[in-house]
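# Topology and contacts: notes
Here are the chains, one letter per residue:
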Amino acid sequence: MLLGYLLKRLTRDVQKIPSVSTETSHLSTKTHSPEETIAEDTAQSLPVVTVDNLLPTTSDQAHTSVPKIVEDKFMINVSMLQDELQNFVSGTSDIQGAALVSPDGLALASVLPGGMDEERTAAMSASMLSLGERIGRELVRGNVERIVVEGEKGYGVLVACGSDAVLLVLASAGVKQGLLFLEVKRAVSRIAPLLA
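None of these values were measured; they are calculated from a predicted model. (Residues numbered from 1 in each chain as written. Predicted model: local features only at pLDDT ≥ 70, side-chain atom pairs only at ≥ 80, totals over all residues. Heavy atoms only, no water.)

### Here's the deal with a nonpolar patch on the surface
- A surface patch of nonpolar side chains, about 280 Å² in accessible area, is lined by Leu131, Ile135 and Leu139.
- Within the secondary structure, Ile135 is located in helix 5 (residues 118-138). (Patch = residues over 30% accessible without salt bridge, like charges linked within 9 Å, V, L, I, M, F, W, Y side chains within 5 Å. Areas by Shrake-Rupley, 256 points an atom, 1.4 Å probe, with all protein chains shown as cover. Salt bridge = Lys/Arg side-chain N within 4 Å of Asp/Glu carboxyl O. Helix = DSSP H or I, 4+ residues; strand = E, 2+ residues; numbered from the N terminus.)

Structure, rendered in structure tokens:
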């Protein structure tokens, strides 16, 4: 009898304990079991640990995340490569276009004449480089310095630009080859440091 009275009294007292609702910041009188109330009180008293608290910072302004820095750096390099190619094409007579391509056939930057597909040109440039290197090995000619395609409308010159890229230069038929090769070499010397 006494035990029943104590259980009723304890249940009524527990039901009257105010708890904090997670949806609002006001106190509410929800009914919770004693276990739920203890769990909520324990959870509210635990400190919240975030990644920002674990990273040492020297100032309050040092909240830039690493992926953002890497992404911004990559965007700056692509922009600089694009500007360098644009300056090369517009500043050199008889140069009609240029593309900087990865060895996998992905375009890094390009300034191509209208009507030329960037992705297709990049893929063909990578294929041409791969085939040229294979021919150079088979003919025992050593490392390939440049691959030149001469057609009735002009030239396509493919040269290595470091180990991470290939430069394709399109020139008109009236260009002098010696001058073209000199300008391509100068362009490579300006572009290669941007890829490092």
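Structure shown, so let's carry the discussion forward.
### What to know about the pairing of strand 4 (residues 107-111)
- Sheet analysis places strand 3 (residues 95-101) next to strand 4, joined by four bridges and oriented antiparallel. Residue pairing for strand 4: Ala99 is matched across the bridge by Ser110.
- Counted along the chain from strand 3 to the antiparallel partner strand 4, the turn is five residues long, and its residue Gly105 has a positive phi close to 95°. (Pairing = 2+ DSSP bridges.)

### Side note on helix 6 (residues 177-195)
- Taking 1.5 Å of rise per residue, 19 residues should cover 27 Å, and helix 6 covers 26 Å from first to last C-alpha, within 8% of that figure.
- Residues of helix 6 that are buried include every one of Leu180, Phe181, Glu183, Val184, Ala187, Val188, Ile191 and Leu194, and no others. (Expected span 1.5 Å × (residues − 1). Buried < 20%, exposed > 50% of the residue type's maximum accessible area, 1.4 Å probe, protein only.)

### Description of the side chain of Ser172
- With respect to the helices and strands, the residue Ser172 is situated in strand 7 (residues 166-172).
- Apart from the residues lying within four places of it in its own chain, the contact partners of Ser172 are Asp94, Gln96, Lys153, Gly154 and Tyr155. (Contact = heavy atoms within 4.5 Å.)

### Topic: unusual backbone geometry
- Here Asp94, not a glycine, exhibits a phi torsion of approximately 70°, which is positive.
- Tracing the chain through its elements places Asp94 in the loop between helix 4 (66-91) and strand 3.
- Classification of Asp94 as partly exposed rests on a relative accessible area of 35%.
- Notably, Val140 is not glycine yet its phi reads approximately 55°, a positive angle.
- Relative to the helices and strands, Val140 is located in the loop between helix 5 and strand 5 (146-151).

### Concerning the sheet that holds strand 6 (residues 154-160)
- Reading across from one edge, 4-3-7-6-5 is the order of the five strands in this open sheet, with antiparallel pairing throughout. Because the sheet does not close on itself, it has two edges, and the strands there are strand 4 and strand 5. Between one strand axis and the next, the sheet turns through 10° on average, direction left out of account.
- Bridge analysis of strand 6 against strand 7 gives seven bridges, and the strand direction is antiparallel. Within strand 7, the residue paired with Leu158 across the bridge is Leu168.
- Sitting on the sheet, helix 6 touches strand 3, strand 4, strand 5, strand 6 and strand 7, and the angle it makes with strand 6 is about 35°. (Axes fitted to C-alpha atoms, helices over the stretch in contact; angles between N-to-C directions.)

### A short note on helix 5
- Compared with an ideal rise of 1.5 Å per residue, which puts 21 residues at 30 Å, helix 5 spans 30 Å between its outermost C-alpha atoms and is within 8% of the ideal.
- Considered for burial, the residues of helix 5 that qualify are Thr121, Ala122, Ser125, Ala126, Leu129, Gly132 and Gly136. The buried residues of helix 5 occupy an angular sector of 135° when projected down its axis, which confines them to one face. More than 90 degrees from the buried face of helix 5, the exposed residues found are Glu119, Arg120, Met124 and Glu138.
- Each element contacted by the buried residues of helix 5 is listed here: strand 3, strand 4, strand 5, strand 6 and strand 7.
- Of the residues one or two after helix 5, Val140 is the one with positive phi, at around 55°. (Arc of directions from axis to C-beta.)

That's the geometry; what it means functionally is another story.
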